[in-house]
Amino acid sequence: PGPRVSFFGVRGSTPCSSDRLRRYGGNTSCVVVERDGQTPIVLDMGTGLREYGAVWGNSSPIEAAFLVTHLHWDHVQGLPFFGPVHHPNSKIEIYGPPHDGQELLTSFEGLMQPPYFPIRCDQLPEGIGFTTAWEERIAIGEAKVTTRSVPHTGETNGYRVELDGFVIAYASDHQEPIDDPTKVDAGVLELCDGADIVIHDAQFTRDELEARPDWGHCTPAYALEVAVQAGAKTLCMFHHDPWHDDETVDELLAECREEARDRGMQNVIAAAEGETIQLGD
């Protein structure tokens, strides 16, 4: 079998909780790519990262790579709540984009400091490192990772993870072009080219996009456009809006699947917290 893709947080913008969100979950972005003998690769550090820490073992050390798309709260606020990050023997390298020419570590030093938070970056164990990554390729164990910029609000990375002949593409936040819904950024197509699974922003309905045209997100129809143009095998709708309850996500998924069948794409799913996809099955 190939790598496992596990969803610990699938929500966008802000964590949320209610009975109406029970099936898809309310934690923000965190997806983990694992395979026995391979360094775990964690895509984003939203509030779902706390759940991954509990599964790993909060009092256990970990050696892992974290790939951060951008520095909005819903993608970074899980870091200090990830139990293993505080273990003195943990080794975690955190990769992410710069912000206005500022290195990744400098951005996190601004995020993690009083009065906003009691723990500073320099209080984390020595094995926790921060590396600015922008438009480059990175080797993480046997995995090959490609970073490309994705249109959003501010510098934002998308990631392509290649491992054991499988490809996972991740574009959690992506601005849909308002003037041309068939136009896809060349870097995004490179990330998603022939991917086994594309985990992609699908936050807004068409009406929501029209009301918030510059908020940096897209519709399920545009996520499908990206996947079809890239020749991907599976589209995974992700970054669900906090106001979209389970029934709303179900409806958006059904609509997207119907359009996908018309366009010759068979596999469309909606990310749900707690689920794992085993590639190669």
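This structure is a prediction, so every number in the text was calculated from the model and none was measured.

Analysis parameters
Residues numbered from 1 in each chain as written. Predicted model: local features only at pLDDT ≥ 70, side-chain atom pairs only at ≥ 80, totals over all residues. Heavy atoms only, no water. Salt bridge = Lys/Arg side-chain N within 4 Å of Asp/Glu carboxyl O. Helix = DSSP H or I, 4+ residues; strand = E, 2+ residues; numbered from the N terminus. Buried < 20%, exposed > 50% of the residue type's maximum accessible area, 1.4 Å probe, protein only. Contact = heavy atoms within 4.5 Å. Pairing = 2+ DSSP bridges. Axes fitted to C-alpha atoms, helices over the stretch in contact; angles between N-to-C directions. Right-handed = clockwise from strand over helix to strand, strands pointing away. Left-handed = near helix turned anticlockwise from the far one by under 90°. Nonpolar A, V, L, I, M, F, W, Y, C, P; charged D, E, K, R; others polar.

Draft legend 1. Local environment of the pattern of salt bridges. The final tally for this structure, using the stated rule, is 15 salt bridges. A salt bridge links glutamate 190 to arginine 148; the nearest nitrogen and oxygen atoms lie 3.0 Å apart. With glutamate 190 in helix α4 (residues 186-192) and arginine 148 in strand β8 (residues 143-149), the pair connects residues that are 42 residues apart, well separated along the chain. Looking at glutamate 190, the relative accessible area reads 32%, which means it is partly exposed.

Draft legend 2. Representation of the environment of cysteine 121 within the structure. As for its placement among the helices and strands, cysteine 121 is situated in the loop between α3 (104-111) and β6 (128-132). Residue classification places cysteine 121 among the buried positions, given a relative accessible area of 9%. If near-sequence neighbours (up to four positions away) are discounted, cysteine 121 is found in contact with Leu105, Phe108, Glu109, Met112 and Phe130.

Draft legend 3. The arrangement of the sheet that holds strand β1 (residues 4-9) in detail. Spatial strand order, β6-β5-β4-β3-β2-β1-β14: 7 strands in an open sheet with mixed pairing. Among the strands making up the open sheet, the edge pair consists of β6 and β14 (276-278). Geometrically, the sheet is characterised by an average inter-axis angle of 20° between neighbouring strands, direction not taken into account. Sheet analysis places β1 next to strand β2 (residues 30-34), joined by 5 bridges and oriented antiparallel. Paired with valine 5 across the two strands is valine 33, which belongs to β2. Across the sheet, α3 lies against β5 (91-96) and β6, angled at about 125° from β6, the strand it touches most.

Draft legend 4. Region of interest: the pairing of β6. Note: β5 against β6, 5 bridges, orientation parallel. Residue pairing in the sheet places isoleucine 92 in a bridge with isoleucine 128 of β6. A crossover links β5 with its parallel partner β6, the connecting element being α3, and its sense is right-handed.

Draft legend 5. Quick peek at the environment of alanine 270. Structurally, alanine 270 is set in strand β13 (residues 267-270). C-alpha of alanine 270 to C-alpha of histidine 86: the two residues are 184 residues apart in sequence and 33 Å apart in space. Look past the residues within four positions of alanine 270 in its chain and what remains in contact with it is Tyr24, Cys236, Met237, His240, Val249 and Leu253.

Draft legend 6. Broad picture of the packing of helix α6 (residues 220-230) against helix α7 (residues 246-262). Contact geometry of α6 with α7 gives a least axis separation of 9 Å together with a crossing angle of 40°. Considering the relative orientation of α6 and α7, their crossing is right-handed. Residues Pro220, Ala221 and Leu224 of α6 form the contact with α7, whose participating residues are Leu252, Cys256, Glu259 and Ala260. Class assignment for the residues of the contact of α6 with α7 results in 6 nonpolar, no polar and 1 charged.

Draft legend 7. Structural context of the pairing of β5. Taken together, the 5 bridges between strand β4 (residues 63-67) and β5 define a ladder with parallel strand orientation. Residue pairing in the sheet places phenylalanine 66 in a bridge with isoleucine 94 of β5.

Draft legend 8. Spatial organisation of the sheet that holds strand β11 (residues 197-201). Overall, mixed pairing links the 7 strands, which are arranged β7-β8-β9-β10-β11-β12-β13 in an open sheet. Since the sheet does not close on itself, it has two edges, and those belong to β7 (137-140) and β13, each with one partner. Neighbour-to-neighbour, the strand axes of the sheet open up by a mean angle of 20°, direction not taken into account. Sitting on the sheet, α6 is in contact with β11 and β12 (234-238), with an inclination near 150° to β12. Here α7 sits on the sheet in contact with β12 and β13, set at roughly 170° to β13.

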